[in-house]
Amino acid sequence: LEEVLDWSRWDKAKEFWTETVGTGTVTYDTTQKKSGLASWKADGGSGNGNVLLGKKDILGNAGRTTFYLRLTDLPSVNSEIGDFYTGAFRLHIFLTTAGVLQLITPSLQIGSNGSTLSTGVWYRLSLAWSITNSTTYEVRLYLGGVLDITGSNSPTLEAATLNAVYLGWSKAPGANKVLNF
C-alpha cells in the first residue's frame, strides 16, 4: 500500500494542516517532541471542547499512514484521537478512558480491543486500509510496528463524503488533557 501522508513535514506555519476544528487549542510545542523540531499539542482546555488539526482531500479507499502520539493524561470520556474519511467511508482510532486502543466506524467497534497506552510515552501508530465497499474491507492498526488490531467486512462501514484526516481530541476529553502528535 502507498504511504499517503508524510506527517514529518509539520511546521508552525501550518503549511500541511489546513483546518482546525473545535474549541480547545492547538499549539506548536517545541518542548515536547518525538523527533525533529516540535510536535503539535492538542489541549482539551477546560474540558468542554474538542480540538483537531485537519487536512482535506488526501485519502482514498486504500492506503496507510503513520504518526506518533504522546498523552499527558487519559481522557475523561472515550474519545477519538484520529478521524479518517476516505471520501466514501469513515474510520476512527479511539482511546477509552482506560487507555485502550480501538477502531470504530463510527459507533461500532471493528475487531477486538488493542493495547493499553500509558501516559508520558511516545507511541508510533500506523493505520492501513483497503476498502472495496461498506462490507468488503480490511483495516489494520499497528502499534510500534506490531499488528495490534485487525478487522474486515463487519461491521458495515459508515458512508462519508468528506475526504480528510483529523488528529487530536474529538469529544471533550476533560480538563487539561493534552495529546501531542
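Residues numbered from 1 in each chain as written. Predicted model: local features only at pLDDT ≥ 70, side-chain atom pairs only at ≥ 80, totals over all residues. Heavy atoms only, no water.

Focus: the nonpolar core
- Membership of the largest hydrophobic core comes to 33 residues, with the highest contact counts inside it found for L69, I81, F84, I93 and L101.
- Mapped onto this core, the elements with two or more residues apiece are strand 3 (39–43), strand 5 (62–71), strand 6 (79–86), strand 7 (89–95), strand 8 (101–104), strand 10 (122–133), strand 11 (136–143) and strand 14 (163–170).
- Among the elements that take part in this core, strand 10 stands out by supplying five residues, more than any other.
- Apart from residues lying up to four places away in sequence, I81 is in contact with L69, I93, L95, L101, L125, Y166, L167, G168, W169 and L179. (Core = buried A, V, L, I, M, F, W, Y, C linked by side-chain atoms within 4.5 Å. Buried < 20%, exposed > 50% of the residue type's maximum accessible area, 1.4 Å probe, protein only. Helix = DSSP H or I, 4+ residues; strand = E, 2+ residues; numbered from the N terminus. Contact = heavy atoms within 4.5 Å.)

Some details on the side chain of D83
- Position of D83 relative to the elements: it lies in strand 6.
- Look at D83: it is buried, it has no salt bridge, and the nearest opposite charge is R90 at 5.8 Å.
- In terms of polar contacts, D83 uses its side chain to reach the side chain of H92, at 2.7 Å. (Lys, Arg positive; Asp, Glu negative; His and termini not counted. Salt bridge = Lys/Arg side-chain N within 4 Å of Asp/Glu carboxyl O. Polar contact = N/O pair within 3.5 Å; in protein donor to acceptor, adjacent residues only side chain to side chain.)

Let's talk about the pattern of salt bridges
- One pass over the structure, following the stated rule, counts two salt bridges.
- One salt bridge in this structure joins E158 and R90, with 2.8 Å as the shortest N-O distance. Of the two residues, E158 sits in strand 13 (residues 158–159) while R90 sits in strand 7, which places them 68 residues apart along the sequence.
- E158 gets classed as partly exposed once you look at its relative accessible area, which sits at 28%.
- What makes R90 partly exposed here is its relative accessible area of 22%.
- Across the pair R140 and E138 runs a salt bridge whose closest N-O atoms are separated by 2.8 Å.
- With a relative accessible area of 33%, R140 lands in the partly exposed category.

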